[in-house]
Amino acid sequence: MTKEHYIICDRNAVGLILLIHREKEVKSADLVKVNRNYSSIKSVAEMLLETGVLQTRKSESHSTKTYWTMTEKGERAANLLLQVEKDLREK
């Protein structure tokens, strides 16, 4: 990541953080709720996994299914984003 690249500037990253925060857990197939281009949103999810915002677990019944959830760091980030949204909407 270069100095000019901020995760928060990536609308897919913000959307994914807020989606998983709201739904608590999503399947990989549900990532397209943020962006219909699965490969684009999957790469963002993997970046958030690498930075410790998201975590994954494999389904016990289907080895190919992956579930995405927030880490504590991710929950803090989601709450901050929601607070910023609230502050921006206040008059």
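Residues numbered from 1 in each chain as written. Predicted model: local features only at pLDDT ≥ 70, side-chain atom pairs only at ≥ 80, totals over all residues. Heavy atoms only, no water.

Regarding helix α2 (residues 38-50)
And step 1. For α2, built from 13 residues, the straight-helix expectation of 18 Å at 1.5 Å per residue is met to within 8% by its first-to-last C-alpha distance of 18 Å.
And step 2. When we look at burial in α2, the residues that qualify are Ile41, Val44, Ala45, Met47 and Leu48. Taken around the axis of α2, the buried residues stretch over an arc of 160°, which confines them to a single face. Those residues of α2 that are exposed and angled more than 90 degrees off the buried face are Ser39 and Glu50. (Helix = DSSP H or I, 4+ residues; strand = E, 2+ residues; numbered from the N terminus. Expected span 1.5 Å × (residues − 1). Buried < 20%, exposed > 50% of the residue type's maximum accessible area, 1.4 Å probe, protein only. Arc of directions from axis to C-beta.)

A short note on the nonpolar core
A general tendency of soluble globular proteins is for nonpolar side chains to be buried together.
And step 1. Formed by 18 residues in total, the largest nonpolar core has its most connected members in Leu16, Leu48 and Leu54.
And step 2. For this core, the secondary structure elements donating two or more residues are α1 (11-23), α2, β3 (66-70) and α3 (72-89).
And step 3. Not counting residues within four places of it along the chain, the set of residues in contact with Leu54 comprises Leu16, Ile20, Ala45, Leu48, Leu49, Trp68, Thr69, Met70 and Thr71. (Core = buried A, V, L, I, M, F, W, Y, C linked by side-chain atoms within 4.5 Å. Contact = heavy atoms within 4.5 Å.)

Points about the sheet that holds β3
And step 1. Read from one edge of the open sheet, 3 strands run β1-β3-β2, paired in antiparallel fashion. A single partner strand is all that each edge strand has here, and the edge strands are β1 (25-27) and β2 (54-58). Within the sheet, the average angular offset between the axes of one strand and its neighbour, ignoring direction, is 30°.
And step 2. Pairing analysis gives 3 bridges linking β1 to β3, with the strands arranged antiparallel. Paired with Val26 across the strands is Trp68, a residue of β3.
And step 3. With respect to the sheet, α2 is in contact with β2 and β3, its orientation differing from that of β2 by roughly 105°. (Pairing = 2+ DSSP bridges. Axes fitted to C-alpha atoms, helices over the stretch in contact; angles between N-to-C directions.)

A few points about the pairing of β3
And step 1. Summarising burial for β3: 5 of the 5 residues are buried, a large majority.
And step 2. Of the two faces of β3, the one lined by Thr66, Trp68 and Met70 and the one lined by Tyr67 and Thr69 are each fully buried.
And step 3. Two elements, β2 and β3, share 5 bridges in a ladder whose sense is antiparallel. Bridged to Leu54 within β3 is Met70.

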